[in-house]
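The primary structure of each chain is shown beneath.
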Amino acid sequence: MLFIKRWCQFLKERHEPFGITLMVGSFFAASAFMAYQPGVHAPPCWRRLSIGFALVWLIFLHMRMFDEVKDYQVDREHNPERPLARGLISVGEFSAMTMICLAVEMALAKIMAWPMFPAYIMVLCFTLLMRMEFFVGDWMRPKLELYAITHTFSAAMISLLIHSIVCFSDAAGADRATLLFALGNWFVFNVFEFGRKTFAHEEERAGVDSYSGRLKPWGAVLLLLVNVFAAYCAFFLAVGSKFSSVADWRLFAPAAVISLLTAVAGAIYASSPVAANAKLYRGIVTLYLLAYPASIAISIYLLVYR
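Residues numbered from 1 in each chain as written. Predicted model: local features only at pLDDT ≥ 70, side-chain atom pairs only at ≥ 80, totals over all residues. Heavy atoms only, no water.

A. Inspection of the overall build of the protein chain at higher detail. Looking only at helices and strands, the protein chain features 13 helices and zero strands. With the C-alpha coordinates of the protein chain rotated into their principal frame, the extents come out at 55 × 45 × 35 Å. Residues counted as buried form 48% of the 306 residues belonging to the protein chain. For the protein chain, the proportion of contacts with a sequence separation of at least 24, taken over those separated by at least 6, is 78%. (Helix = DSSP H or I, 4+ residues; strand = E, 2+ residues; numbered from the N terminus. Buried < 20%, exposed > 50% of the residue type's maximum accessible area, 1.4 Å probe, protein only. Contact = heavy atoms within 4.5 Å.)

B. Region of the structure containing helix α13 (residues 275–305). Between its terminal C-alpha atoms α13 stretches 43 Å, which fits the 45 Å expected from 31 residues at 1.5 Å a residue. The principal kink in α13, of about 35 degrees, is found at Tyr288. (Expected span 1.5 Å × (residues − 1). Bend = angle between axes of the 7 residues up to and from the residue.)

C. Main features of helix α12 (residues 249–271). An ideal rise of 1.5 Å per residue puts 33 Å on 23 residues; α12 measures up with 31 Å between its terminal C-alpha atoms. For α12, the elements touching its buried residues are α11 (211–242) and α13.

D. Inspection of the nonpolar core at higher detail. Core analysis: the largest hydrophobic core is formed by 89 residues, its most contacted members being Met34, Val56, Phe60, Ile158, Leu161, Phe235 and Tyr292. Ignoring sequence-local partners within four residues, the contact set of Val56 consists of Val24, Phe28, Ile158, Leu161, Ile162 and Ile165. (Core = buried A, V, L, I, M, F, W, Y, C linked by side-chain atoms within 4.5 Å.)

E. Layout of the packing of helix α2 (residues 17–35) against helix α9 (residues 154–167). Between α2 and α9, whose axes approach to 9 Å, the crossing angle comes to 60 degrees. Here α2 lies oblique to α9, going by the angle between them. Considering the relative orientation of α2 and α9, their crossing is right-handed. Between α2, through Phe27, Phe28, Ser31, Ala32 and Ala35, and α9, the contact on the second element is made entirely by Ala155, Ile158, Ser159, Ile162, His163, Ile165, Val166 and Cys167. Within the contact of α2 with α9, the residues separate by chemical class into ten nonpolar, three polar and no charged. (Axes fitted to C-alpha atoms, helices over the stretch in contact; angles between N-to-C directions. Parallel < 35°, antiparallel > 145°, perpendicular 65-115°, else oblique. Left-handed = near helix turned anticlockwise from the far one by under 90°. Nonpolar A, V, L, I, M, F, W, Y, C, P; charged D, E, K, R; others polar.)

F. Here's a closer look at the packing of α11 against α13. The N-to-C vectors of α11 and α13 enclose an angle of 5 degrees; their axes lie 13 Å apart at closest approach. Taken together, the axes of α11 and α13 lie roughly parallel to each other. Every residue of α13 that contacts α11 at Ala220, Val221, Leu224, Val228, Ala231, Tyr232 and Phe235 is listed here: Tyr281, Val285, Tyr288, Tyr292 and Ile296. Residues belonging to the contact of α11 with α13 are distributed by class as follows: twelve nonpolar, no polar and no charged.

G. Quick look at the environment of Lys143. Here Lys143 lies in the loop between α7 (137–140) and α8 (144–152). Judged by relative accessible area, which is 31%, Lys143 ranks as partly exposed. Distance in space between the C-alpha atoms of Lys143 and Asp209 is 9.7 Å, their sequence separation being 66 residues.

H. The arrangement of the side chain of Ser169 in detail. Tracing the chain through its elements places Ser169 in the loop between α9 and α10 (176–196). Contacts of Ser169, omitting those with residues within four sequence positions, involve Pro115, His163 and Ser164.

What follows is the structure, given as structure tokens:
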């Protein structure tokens, strides 16, 4: 019981199950609707979709677990309240559970065989490279922006894994729209990464890097908005490529509204970088990660597949 309690506490603090499930669900649905081609692919069965969703959920979990171990020494100094740093779970136990998580993922992917298994192995190999910081961690870690964008590329690879799950086809069979949307997901996760490490002046901490500290508030917001714009452009081009016969303003508007909301929150924060505005900005960026793909999934479902 203590074991279960410790791990429930870890999930509550570092990988909150309800919120993560909503995020993965919206991300999975948007990527799935963009990948699927009626008349080209057989409709996916619920068994394959369920196993695929579980696999993607566990991938996000093991990436979180990789980050916890990777940041352990830094957290002991700067974030001693985090689960590993305060000794809630030992590093040995944490590593063992990470290996169990990976073993379950491999078993799920193996059940589906080709092409899902090789698509998963590609994602796994990339996340292992992330765990090792691409073997240039000492060089890359101070370069916060480069560090972020190399790691968030995993979102594009997971998008292609979802393509394999839904369409039962390898990445070579992905159409132009699917590839564009996968690229767009890279930018979407950049938005979240850049937003969550942006603070008010009074929230900055000595020895802890942030985008607002490195680039000043306006620089951090402009960096984020470039990625908001790039993500929307990728979505716009993907829809134009795949759904040109039904592509009207109703398909584009919801994602545009959410992108605009993020831009407004950024402008408010950058104009007055106080704690309340910074918290609002980070909250809107977190909402963006959930609402942006959800709006795309709902729009495509209602206007194309319903």
